[in-house]
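# Coordinate analysis (summary)
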Amino acid sequence: MQRTPLNDDEQRAYPPASSPQQAPQYARQRAQRSRRLPPLDDSEPSSTISTPPWTRVSIPKRRASLRASRGSGQAGSAAPGPSSAFRSGPSLERQQGPETRPAWQPTQSTSRSRRSVSDWPTSDDDVSTASSQQRRPPSSIASTGRMRAVSPPPQPARSAAPPPPGLLRRLHDLSHNKTLLLLCAALLVVLVSLIPLLVSWLGTPRPMGLSVQPNTATAAATPLNQAPVNPHQLVIIPSDTDHPPPPVLATAAYLMDMDTGATLYAYNPFMHLPMLSTTKLMTALLAVEHGNLNQQVTITSALDRDIQQHISPDSSLFGLKKGETYTLRDLLYGLLLPSGNDAAVAIADAVGGSYQHFVDMMNQRARELGMYDTHYMNPSGLLATGHYSSAHDLAVLGRYTMSNPILHQIANTRIYHIPKTSQHAEHYLVNGNQFLWWYPGADGGKPGWDGNTDFVQVVSCTRNNRHLIGVTMNTKDWWTDMRDLMNWGFDNFQWISPYDVDLQHPIPYDYDWGYFVRDKKTNTLPTANHGRYYIYTGYSVSPPILNFFDKNGGLDQFGFPTSMPNYNQGNLVSQRFQKATIQCDLAGKQCKRL
């Protein structure tokens, strides 16, 4: 900021006037320098502003001679300017001491020397100059005792209101708010403490639209062709109430009563997952509904190109050759038993007229059956974007296909022989549904496997005039999962193992699963409440009984569990085992053997 120029009584900016005619000119130049106004031109039009009343201040004595020269009759030759306003007559220079005059009104020449406020400079230097002049105490300029009229400094133009603080300024202010920072820190601590609970809650399967009801009455049968009003609203009616529902290693699982359509068990029933070769159940259903089993299907050059185009190098095959002719019945056996992808393409072209039209028929039929979580991209089940299904929908499809006598018969066939003719080669077909070869009552279904860890199966079982449809998707231990579901559904836990059966009667493709040596009675599965499910008896053991069980000998001392926990005496809980009973006090956290 520049320093405010001093008044004439503090420093002499110009030499004294050599003649009275020069006094008005010097006065105007001093006024222009102090206020930083541009030089005035006589031709410039005058502008008039309203000026507040002048304040009365003392005039230094050293200016008396100048005032006298202005009033001695030479005022007419003075140039118009601010000095012309001080022509007050001869009595001014003769008067000694302070003089009091009324408020002074500017003349026309004075109005020319003062422009409107909007025309004045508004730089910081001008504002600071005016402010410093205004703050100068009257005693510094009134030391001579004389009074003179002095105009107040011009008021600077009002600047616009400062803009609101920006985002950075607001963030800076918030960062210094201790109360807000403490609240944010407390909230962060609460959120961090809730993360484990949230992870645990999300990790626990919670299928949407499920409710469990006790099996107090027989559920009304649901017609096969009737799609549910709300397919995502399930009512689970457990058939076994003295055993807990078994945990599964599969990503999704389902158990349905085929006769009534009642849901007995559901785990992630609507999750979209690849269904692999269980797709062929829909392909077979459309072939039976729209085709003639005795229809002749010739593998033409165009059909052979379609087959080569829509199968993968590692596909399971029926073994079709260009130029051969088969009946639609033979193609169905080649589709369901060895899971031939080439048979699926041949059926699609023969029944649907074209490959894509048959896929459209599959999706339309799925909607008609209420399979709203299923979409097909091919008739064979090869992995593809947009090709998925759910455990619930596969159970619906399994129920419908196994209710068809032709498909049920084909799916229940273990070995099928197609003799050689002049139109095709000889084929021995082995059913790849391994569950069919060892579990009592298994009579149909379709598995799917990607050759790695993803195994899908739809299984039909009948025992004591009760027919069940079981589904497991994306499991690494398909025989344990499906056996536990069926044992629980039939309420029969008599031990049966594919390992034992394979020693007596070889199971097809047993080498793919290490001959089932992993299947043992002592195998367990983890439960949601940090417990342990014993597949041999179908019961689970949970803390605190499990803790006492493990610390005191386990199976050797207590044997397998034979009942569910019994909460019958307040804080006491007890559970029976083969060799003893364990009782725990939940309040005292003490257990004992009975």
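Residues numbered from 1 in each chain as written. Predicted model: local features only at pLDDT ≥ 70, side-chain atom pairs only at ≥ 80, totals over all residues. Heavy atoms only, no water.

### What about the overall build of the protein chain?
Within the protein chain, the secondary structure is distributed over 18 helices and 20 strands. Burial analysis of the protein chain (594 residues in total) assigns 45% to the buried set. Roughly 30900 Å² of accessible area belongs to the protein chain as shown, and the carbon and sulfur atoms make up 54% of that amount. (Helix = DSSP H or I, 4+ residues; strand = E, 2+ residues; numbered from the N terminus. Buried < 20%, exposed > 50% of the residue type's maximum accessible area, 1.4 Å probe, protein only. Areas by Shrake-Rupley, 256 points an atom, 1.4 Å probe, with all protein chains shown as cover.)

### Regarding the pattern of salt bridges
It is possible for side chains of opposite charge to pair when their charged atoms get near one another. Applying the stated rule across the entire model yields five salt bridges. Measuring nitrogen to oxygen at the nearest pair gives 3.0 Å for the salt bridge that ties Asp-550 to Arg-532. You can see Asp-550 sitting in helix α17 (residues 545-551) and its partner Arg-532 sitting in strand β15 (residues 532-534), a full 18 residues away along the chain. Of the residues examined, Arg-532 reaches a relative accessible area of 23% and is grouped as partly exposed. Because the salt bridges share partners, they merge into one network encompassing Glu-289, Arg-365 and Glu-368. (Salt bridge = Lys/Arg side-chain N within 4 Å of Asp/Glu carboxyl O.)

### Remarks on a nonpolar patch on the surface
There is a patch of nonpolar side chains on the surface, built from Tyr-509, Tyr-511, Tyr-515 and Val-517 and spanning about 410 Å² of accessible area. When you line up the elements, Tyr-509 lands in the loop between α16 (498-504) and β14 (524-526). Owing to a relative accessible area of 34%, Tyr-509 belongs among the partly exposed residues under this scheme. (Patch = residues over 30% accessible without salt bridge, like charges linked within 9 Å, V, L, I, M, F, W, Y side chains within 5 Å.)

### Some words on the state of the cysteines
Tallied over the full model, the rule gives one disulfide. Between Cys-584 and Cys-591 runs a disulfide, and the two sulfur atoms are separated by 1.8 Å. Looking down the S-S bond of the Cys-584 and Cys-591 bridge, the torsion is 110 degrees, so its handedness is right-handed. (Disulfide = S-S within 2.5 Å.)

### A word on unusual backbone geometry
That bond from Pro-543 to Pro-544 is cis: its omega, 0 degrees, falls within 30 degrees of zero. You can see Pro-544 is positioned in the loop between β16 (539-541) and α17. For Asp-491, which is not glycine, the phi torsion reads 55 degrees and is therefore positive. Looking at the element boundaries, Asp-491 is found in the loop between α15 (478-490) and α16. Of note, the phi angle at Tyr-509 is positive, near 60 degrees, even though the residue is not glycine.

### Examining the packing of helix α8 (residues 280-290) against helix α10 (residues 328-336)
Two numbers describe how α8 lies on α10: the axes approach to 10 Å, and their chain directions differ by 170 degrees. The angle between the axes of α8 and α10 places the two elements in the roughly antiparallel class. Pair α8 / α10 crosses with left-handed handedness. Along its contact with α8, which presents Lys-280, Leu-281, Thr-283, Ala-284, Ala-287 and Val-288, the element α10 presents Leu-328, Leu-332, Leu-335 and Leu-336. Its residues placed into classes, the contact of α8 with α10 shows eight nonpolar, one polar and one charged. (Axes fitted to C-alpha atoms, helices over the stretch in contact; angles between N-to-C directions. Parallel < 35°, antiparallel > 145°, perpendicular 65-115°, else oblique. Left-handed = near helix turned anticlockwise from the far one by under 90°. Contact = heavy atoms within 4.5 Å. Nonpolar A, V, L, I, M, F, W, Y, C, P; charged D, E, K, R; others polar.)

### Remarks on the confidence of the model for the protein chain
Close inspection of predicted coordinates is inappropriate for parts of the model with low pLDDT. Per-residue confidence for the protein chain gives a mean pLDDT of 78; residues scoring 70 or more make up 65%. For the stretch residues 6-13, pLDDT sits under 50, and the model shows twelve contacts to residues farther than four places along the chain or on other chains. (pLDDT = per-residue confidence, 0-100.)

### Re the pairing of strand β9 (residues 415-418)
Residue alternation in β9 divides its side chains into a buried set, Tyr-416 and Ile-418, and an unburied set, Ile-415 and His-417. One ladder, built from four bridges, connects β9 with strand β10 (residues 427-430); its direction is antiparallel. Looking across to β10, one finds that Ile-418 is bridged to His-427. (Pairing = 2+ DSSP bridges.)

### Points about the sheet that holds β15
Across the sheet, which stays open at both edges, the three strands sit in the order β14-β15-β16 with antiparallel pairing between neighbours. The open sheet has two edge strands, β14 and β16, and neither has a second partner. Taking the axes of each pair of neighbouring strands and ignoring which way they run, one obtains an average angle of 30 degrees across the sheet.

### Regarding the pairing of strand β20 (residues 590-593)
Direction of pairing for strand β19 (residues 581-585) relative to β20: antiparallel, over a ladder of four bridges. Each residue of the ladder has a partner; that of Gln-583, found in β20, is Lys-592. Here β19 folds back onto β20 in antiparallel fashion, the turn holding four residues, of which Lys-589 has a positive phi close to 55 degrees.

### Considering the nonpolar core
Soluble globular proteins tend to pack their nonpolar side chains together in the buried interior. By size, the foremost hydrophobic cluster in this structure holds 68 residues, and its most contacted members are Met-282, Leu-332 and Met-473. Among residues more than four places away in sequence, those in contact with Met-282 are Met-362, Arg-365, Ala-366, Leu-369, Met-371, Tyr-376 and Leu-397. (Core = buried A, V, L, I, M, F, W, Y, C linked by side-chain atoms within 4.5 Å.)

### A look at the environment of Pro-244
Structurally, the position occupied by Pro-244 is in the loop between β4 (234-236) and β5 (252-257). Take Pro-244: its relative accessible area is 14%, and that puts it in the buried class. Through-space distance from the C-alpha of Pro-244 to that of Tyr-533 is 9.1 Å; in sequence the pair is 289 residues apart. When residues no more than four places from it in sequence are discounted, the contact partners of Pro-244 are Trp-488, Tyr-533, Gly-538, Tyr-539, Ser-540 and Met-564.

### Some points on helix α13 (residues 391-402)
In a regular helix each residue adds 1.5 Å, so twelve residues correspond to 16 Å; α13 covers 16 Å between its end C-alpha atoms and thus fits that length. In terms of burial, α13 is largely enclosed, as twelve of its twelve residues are buried. Within α13 the residues assigned to the buried category are Ala-391, His-392, Asp-393, Leu-394, Ala-395, Val-396, Leu-397, Gly-398, Arg-399, Tyr-400, Thr-401 and Met-402. (Expected span 1.5 Å × (residues − 1).)

### A short note on the packing of aromatic side chains
Here the structure, examined in full by the defined rule, presents 23 aromatic pairs. Seen from their ring centres, Phe-435 and Trp-438 are 5.1 Å apart, and the 70 degrees between their planes marks the pair as edge-to-face. Among the residues examined, Trp-438 registers a relative accessible area of 5% and is labelled buried. Centroid distance Phe-558 to Phe-577: 6.0 Å. Interplanar angle 55 degrees. Geometry classified as tilted. Taken as a pair, Phe-558 in helix α18 (residues 555-558) and Phe-577 in the loop between β18 (572-576) and β19 lie far apart in primary sequence, 19 residues in all. By relative accessible area, Phe-558 is classed as buried at 1%. (Phe/Tyr/Trp six-rings, centres within 6.5 Å; stacked < 30°, edge-to-face > 60°.)

### So, α8
Within α8, nine of the eleven residues are buried, which leaves it mostly tucked inside the rest of the structure. Within the span of α8, buried status applies to Lys-280, Leu-281, Met-282, Thr-283, Ala-284, Leu-285, Leu-286, Ala-287 and Val-288.

### Topic: the side chain of Asp-502
Among the secondary structure elements, Asp-502 is positioned in helix α16. Despite its burial, Asp-502 pairs with no opposite charge; the closest candidate is Arg-414, at 11 Å N-O. Apart from the residues within four sequence positions on either side, Asp-502 is in contact with Ile-507, Asp-510, Tyr-515 and Phe-516. (Lys, Arg positive; Asp, Glu negative; His and termini not counted.)

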